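The primary structure of each chain is shown beneath.
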Amino acid sequence: MDLDVVNMFVIAGGTLAIPILAFVASFLLWPSALIRIYYWYWRRTLGMQVRYVHHEDYQFCYSFRGRPGHKPSILMLHGFSAHKDMWLSVVKFLPKNLHLVCVDMPGHEGTTRSSLDDLSIDGQVKRIHQFVECLKLNKKPFHLVGTSMGGQVAGVYAAYYPSDVSSLCLVCPAGLQYSTDNQFVQRLKELQGSAAVEKIPLIPSTPEEMSEMLQLCSYVRFKVPQQILQGLVDVRIPHNNFYRKLFLEIVSEKSRYSLHQNMDKIKVPTQIIWGKQDQQVLDVSGADMLAKSIANCQVELLENCGHSVVMERPRKTAKLIIDFLASVHNTDNNKKLD
């Protein structure tokens, strides 16, 4: 073989080896950086753009796709200790002609974190209303989606600001009062009453605790490599003190049952999505409670699915949201024609 050809292959091999080695090094040494790059890439691929908006000196960070049109805009609220990018797996299966907005909840990711902020559910609802006003999102009623803590905020928001919301989707929301507490809730109450806030299962500080949290929240058993678990923990650890403060606030007497206390005030068409196997975190029986209190309510229970509906069944979740929106939108159009 000609020496120049050999040299060409050596150079080509070396050129390819550099990014491969860089990737391996990042995976082994800086897994948290790799996770950030992953979200950046996913947002870019799906056409989600990140923007900031201010209410006085308070900053909201959000991502969006599309523009307001004849169909309602969709505002999506994430759960405890998550961020706007948790919705990307669902966004992937939503039509590109919809106007989507995913906001970082108060104190999370790019949204302002202040020691003076009211982190109660009522306080978060007021902040989200400020965000809505800043974007003029309520110029026309929008579809509001929330999961877990975000579902609790979404439900209370619909009760407090009914004219803002055209329809509502609650994905295994927090904030309901059950006749008996499951083992997880009992444990949380014990931790709340003691000084052991460091041991809250939803605030992991080691890869092992992260793995336990994933198993607690999902029915599907994901096989997550140790380095990815380490990366997920590394991303969270700087925020764990805030998460502990937030947790104590949302399980306080003021906030714990705020959705339960306001569910009969929800008047818009409502969709409840819940994993049938969500019994370890927020019991699926909550869906029936909501259905009995909200007049125009549709319940969807997902088989082989736990609390992390968005992560476990993103395609199905997206389809349910689309179908529900279509049914509500068509009903409204028919009423106008009558």
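Whatever comes next refers back to the structure up there.
Residues numbered from 1 in each chain as written. Predicted model: local features only at pLDDT ≥ 70, side-chain atom pairs only at ≥ 80, totals over all residues. Heavy atoms only, no water.

Engineer: What exactly am I supposed to notice about the pattern of salt bridges here?
Structural biologist: Side-chain pairs of opposite charge can arise whenever the charged atoms involved come near each other. This structure, assessed with the given rule, holds 7 salt bridges. For Asp-104, the salt bridge is made with Lys-84, and the minimal N-O distance between the two is 2.9 Å. Taken together, the residues span a long stretch of sequence, with Asp-104 in the loop between β4 (100-103) and α4 (121-135) and Lys-84 in the loop between β3 (74-77) and α3 (88-91) at a distance of 20 residues. In this structure Asp-104 comes out as buried when scored by relative accessible area, which is 0%. Lys-84 sits in the buried class, given a relative accessible area of 5%. (Salt bridge = Lys/Arg side-chain N within 4 Å of Asp/Glu carboxyl O. Helix = DSSP H or I, 4+ residues; strand = E, 2+ residues; numbered from the N terminus. Buried < 20%, exposed > 50% of the residue type's maximum accessible area, 1.4 Å probe, protein only.)

Engineer: Teacher, can you tell me more about the sheet that holds β4 here?
Structural biologist: The pairing of strands in a sheet happens through backbone hydrogen bonds and is either parallel or antiparallel. Overall, mixed pairing links the 8 strands, which are arranged β1-β2-β4-β3-β5-β6-β7-β8 in an open sheet. Every interior strand has two partners, whereas the edge strands, β1 (49-55) and β8 (297-302), have only one. Direction aside, the axes of adjacent strands within the sheet are offset by 20° on average. Alignment of β1 against strand β2 (residues 58-65), held across 7 bridges, turns out to be antiparallel. Pairing of His-55 across the sheet is with Tyr-58, part of β2. (Pairing = 2+ DSSP bridges. Axes fitted to C-alpha atoms, helices over the stretch in contact; angles between N-to-C directions.)

Engineer: How do you make sense of the nonpolar core when you look at a structure like this?
Structural biologist: Core analysis: the largest hydrophobic core is formed by 90 residues, its most contacted members being Leu-75, Leu-77, Phe-80, Ile-128, Leu-144, Trp-274 and Leu-290. For this core, the element with the most residues is helix α5 (residues 149-160), which contributes 7 residues. Not counting residues up to four positions away in its chain, the partners in contact with Leu-144 are Leu-75, Leu-77, Ala-154, Tyr-157, Val-165, Ser-167, Leu-168 and Cys-169. (Core = buried A, V, L, I, M, F, W, Y, C linked by side-chain atoms within 4.5 Å. Contact = heavy atoms within 4.5 Å.)

Engineer: It is not clear to me how empty space enclosed by the protein should be interpreted in this structure. Could you clarify?
Structural biologist: The gaps left among the atoms become clear once a water-sized probe is rolled over them. This model, assessed by the stated rule, comprises 1 cavity of 30 Å³ or more. Taken as a whole, the largest cavity spans an internal volume of roughly 30 Å³. As for the largest cavity, its lining consists of Ala-82, His-83, His-108, Glu-109, Arg-113, His-239 and Tyr-243. (1 Å grid on protein atoms, 1.4 Å probe; cavity = no way out; pocket = protein on both sides within 12 Å on 5 of 7 lines; lining within 4 Å. Points joined across faces, edges and corners; volume = space filled by probe spheres on them.)

Engineer: Explain the environment of Pro-95 here, please?
Structural biologist: With respect to the helices and strands, the residue Pro-95 is situated in the loop between α3 and β4. Take Pro-95: its relative accessible area is 29%, and that puts it in the partly exposed class. Along the chain, Pro-95 and Ala-318 lie 223 residues apart, while their C-alpha atoms are 9.3 Å from each other. In this structure Pro-95 touches Arg-65 and Ile-322, once residues within four positions along its chain are discounted.

Engineer: What's the story with the pairing of β4 in this structure? I'm lost.
Structural biologist: Burial along β4 is two-sided: Leu-100 and Cys-102 and Val-101 and Val-103, pointing in opposite directions, are all buried. By the bridge criterion, 4 bridges tie β2 to β4 in an arrangement that is antiparallel. Looking across to β4, one finds that Ser-63 is bridged to Cys-102. Note that β3 and β4 share 4 bridges and pair parallel. Its bridge partner being in β4, Ile-74 is matched across the sheet by Leu-100.

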